[in-house]
Amino acid sequence: MLQRIKILDTTLRDGAQTPGCNLKSVEKVQIAKALDKLGVDIIEAGFPSSGTSEFNSVQAVCQSVENATICVLTRAVKEDIDIAAKSLVYAKNGCIQTGIGTSDYHINYKFKTDREALLKRAVDIVRYAVETYPYNVAFYCEDAGRTDNDFLARIVTAVIDAGAKSVTIPDTVGYCLPNEYGAKFKYLIENVPNIDKAILSAHCHNDLGLATANAIQAIINGARQVDVTLCGVGERAGNTPLEQLQTIIAKRWSNEYFTNIDSNLIYETCRTSARIMNLQLPADKPVIGYNVFAHASGIHQDGLLKHPANYEFLHPQDIGAESSQIVLSALSGRSALKYRLELITDSKIDADRLELIYNEFLKIAATKPVIDDNDLLMLSQRFPTKAVTEYSNEQQTADYIGLDFMKVTAGVGVRCKAFVKLRIGNERVIARSYGNGPVDAAIKAIKKRIGSTMLIHEFLIQAIDKGSDDMCRVNIQVKYNDKFYYGFAGNTDIVAASVLAFIDAVNKFSK
Ligand code: MN
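Cut-off values and rules
Residues numbered from 1 in each chain as written. Predicted model: local features only at pLDDT ≥ 70, side-chain atom pairs only at ≥ 80, totals over all residues. Heavy atoms only, no water. Buried < 20%, exposed > 50% of the residue type's maximum accessible area, 1.4 Å probe, protein only. Helix = DSSP H or I, 4+ residues; strand = E, 2+ residues; numbered from the N terminus. Pairing = 2+ DSSP bridges. Right-handed = clockwise from strand over helix to strand, strands pointing away. Donors = N, O, S within 2.8 Å, 3.2 Å for Na, K, Ca; no water. Core = buried A, V, L, I, M, F, W, Y, C linked by side-chain atoms within 4.5 Å. Contact = heavy atoms within 4.5 Å. Salt bridge = Lys/Arg side-chain N within 4 Å of Asp/Glu carboxyl O. Disulfide = S-S within 2.5 Å.

*Asks:* Looking at this structure, how should I read the pairing of strand 7 (residues 166-171)?
*Replies:* Every regular strand shows the same layout, with side chains that alternate between the two sheet faces. In terms of residue burial, strand 7 counts as a mostly covered element, since six of its six residues are buried. Judged by which residues are buried, strand 7 turns out to be covered on both faces: S166, T168 and P170 on one side and V167, I169 and D171 on the other are all buried. Strand direction decides the pairing type here: strand 6 (residues 136-142) and strand 7, joined by three bridges, are parallel. Residue pairing in the sheet places Y140 in a bridge with T168 of strand 7. Regarding the hand of the β-α-β motif, the stretch spanning strand 6, helix 6 (residues 149-161) and strand 7 is right-handed. With six bridges joining them, strand 7 and strand 8 (residues 199-204) adopt parallel strand pairing. Across the sheet, residue S166 finds its bridge partner in strand 8, namely I199. On the question of chirality, the crossover connecting strand 7 to the parallel strand 8 by way of helix 7 (residues 178-191) is right-handed.

Now the structure itself:
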């Protein structure tokens, strides 16, 4: 008989812990709506006790999601449960996910207690949540990957008795090998007497590149829910990618398992969300990378021509990668722009905002004949809706440093130099510098004026699509006073994008 696998997406919680991923409330709503449309069963919307802005964005997500259950994370403390319940008031279906570290590492060094006391604390908190609030209660055994199976079975039994409807077995530190992780689920299915009253969920981390392999072993051994994220974002090396798990289930396991995910929306959802999260997706990214359907080698191309099945098993249409993309050009009017923007951002564009975006659109269209969805998303992010501030009290203050003008000389056989006009606070200043390239020259010129000591730690430039006239995006990581700050920018000029990304990062610590 076909078995249903539930999908819990934690892009907005675990995924939001990706370094540099600082999602605004309105962006979380956008991703949540896309996840809902995609068909995920449960959206983990955040950790509401971590602060007002997180709490507010959980509420905003609850108000905009129609089908999926909204789940929120808590620690095993009553105050967290109370805040979680409050954050869920607008959810059609809410779930409180509480839990505690169950490995000896956590028991001895984090909680400085013993197994019996910890077990009691777990049971008490589940009972409190179940008895006080009308929401489903889920329980996670943090660091279950390094918890011995015997104790894990005891705690799972106890929290199910206390009313937990699902229990997550996270490999929090990405330690487990697939056979070990699978054996854990097998052990629990065989040794938890009340296992028929709850489902087990897998939550895997990719530190050893095994997050997907571990999730698969969990399913084979009895997990009926898997925690995933779009593009595998998440703490450290990330989580099991939704697109990988879904494609495995749909393409290899269609006789045994199914989910509620609409595979046709995978490509679009991943690409759009990656853009919102400022992720650079490598071309060799499984399932959704540009190279997945590119056949470069001569032997492969010859084989493909004889019969596609020779070298292709995964087809672009399996994940909706061939859906017709409407492209706009300099000739497109405001209504076409508005229509496409509203479709891809799933939000209404008011007249003022449309005007701002349209003017910028014309500037780009003058240098780039075809404007695709990626360019439009970048534009819509540059002119965010007023709802950003309404939803979450996130102040839209003007950047402290702005670039008014820049001229660089670059080339082969010339000495690179840059001239910049900057706005720093209310002051207008100019600066010049030489450098070993145009970006270096411009950044050196800016540094002369802002006088800070900072180090560019990581610097990624990626073309969004194809062609030398394409938009590029730049992700930059700047280290200042032992802290990391992230900057992003998109432009058809890679020097401008690089310098703007640098300024974006610097603005995050300059006031
Ligand atoms: Mn995690």
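*Asks:* Please explain the coordination of the manganese ion as it appears in this structure.
*Replies:* On the protein side, the manganese ion has D14 (OD), H203 (NE2) and H205 (NE2) as donor atoms, found 2.0 to 2.3 Å from it. Mapping the donors of the manganese ion onto the primary sequence gives the spacing D-x188-H-x1-H. Residue D14 is found in the loop between strand 2 (6-9) and helix 1 (25-38), and its partner H205 is found in the loop between strand 8 and helix 8 (211-220); the two are separated by 191 residues along the sequence. Since its relative accessible area comes to 2%, D14 is described here as buried.

*Asks:* Before we go on, may I ask you to explain the nonpolar core in this structure?
*Replies:* Across soluble globular proteins, nonpolar side chains show a tendency to be buried alongside one another. In terms of nonpolar packing, the biggest core is built from 96 residues, with V156 and I169 touching the most fellow members. Ignoring sequence-local partners within four residues, the contact set of V156 consists of C141, V167, I169, L188, V192 and L200. Judged by nonpolar contacts, the second largest core, of 31 residues, contains V420, A431, Y485 and V506.

*Asks:* Before we go on, may I ask you to explain the environment of E427 in this structure?
*Replies:* Assignment of secondary structure puts E427 in strand 13 (residues 427-435). Remark: the alpha-carbon pair of E427 and I401, spanning 26 residues in sequence, is separated by 9.5 Å.

*Asks:* So what exactly am I meant to see when it comes to helix 9 (residues 242-252) here?
*Replies:* Because an α-helix packs 3.6 residues into every turn, residues spaced three or four apart end up facing the same way. For helix 9, the full list of buried residues reads L242, E243, Q244, L245, Q246, T247 and I249. For helix 9, the elements touching its buried residues are strand 2, helix 1, helix 8, strand 9 (225-228), strand 10 (257-258) and helix 10 (266-276).

*Asks:* Just checking my understanding: could you explain the pattern of salt bridges for this structure?
*Replies:* Any two side chains of opposite charge can pair, given that their charged atoms come close. Per the stated rule, a full pass over the model turns up 22 salt bridges. Note that K28 is salt-bridged to E54, the shortest N-O span being 2.9 Å. Of this pair, K28 sits in helix 1 while E54 sits in helix 2 (residues 52-64), placing them 26 residues apart in sequence. In this structure K28 comes out as buried when scored by relative accessible area, which is 6%. With a shortest N-O distance of 2.4 Å, R115 and D148 are connected by a salt bridge. One end of the pair, R115, is in helix 5 (residues 115-132); the other, D148, is in the loop between strand 6 and helix 6, with 33 residues separating them in the sequence. Overall, R115 belongs to the partly exposed group, its relative accessible area being 27%. Shared partners join several salt bridges into a network, and the residues in it are R13, D14 and E44.

*Asks:* Would you mind going over the state of the cysteines with me for this structure?
*Replies:* Structurally, a disulfide amounts to a covalent bond that connects the sulfur atoms of two cysteines. Under the defined criterion, the tally for this structure stands at zero disulfides. C176 carries a free sulfur, and the closest cysteine sulfur to it, the one in C204, is 8.1 Å from it. With a relative accessible area of 1%, C176 lands in the buried category. As a non-bridged cysteine, C231 has C270 as the owner of its nearest cysteine sulfur, 4.4 Å distant.

*Asks:* Please clarify how the pairing of strand 5 (residues 94-101) should be interpreted in this entry.
*Replies:* Extensive coverage of strand 5 is indicated by the burial of eight of its eight residues. Relative to strand 5, strand 4 (residues 69-73) runs parallel, the two sharing four bridges. Each bridged residue has a counterpart across the sheet, and for L73 the counterpart in strand 5 is Q97. Direction of pairing for strand 5 relative to strand 6: parallel, over a ladder of seven bridges. Residue pairing for strand 6: I96 is matched across the bridge by V137.

That's the geometry; what it means functionally is another story.
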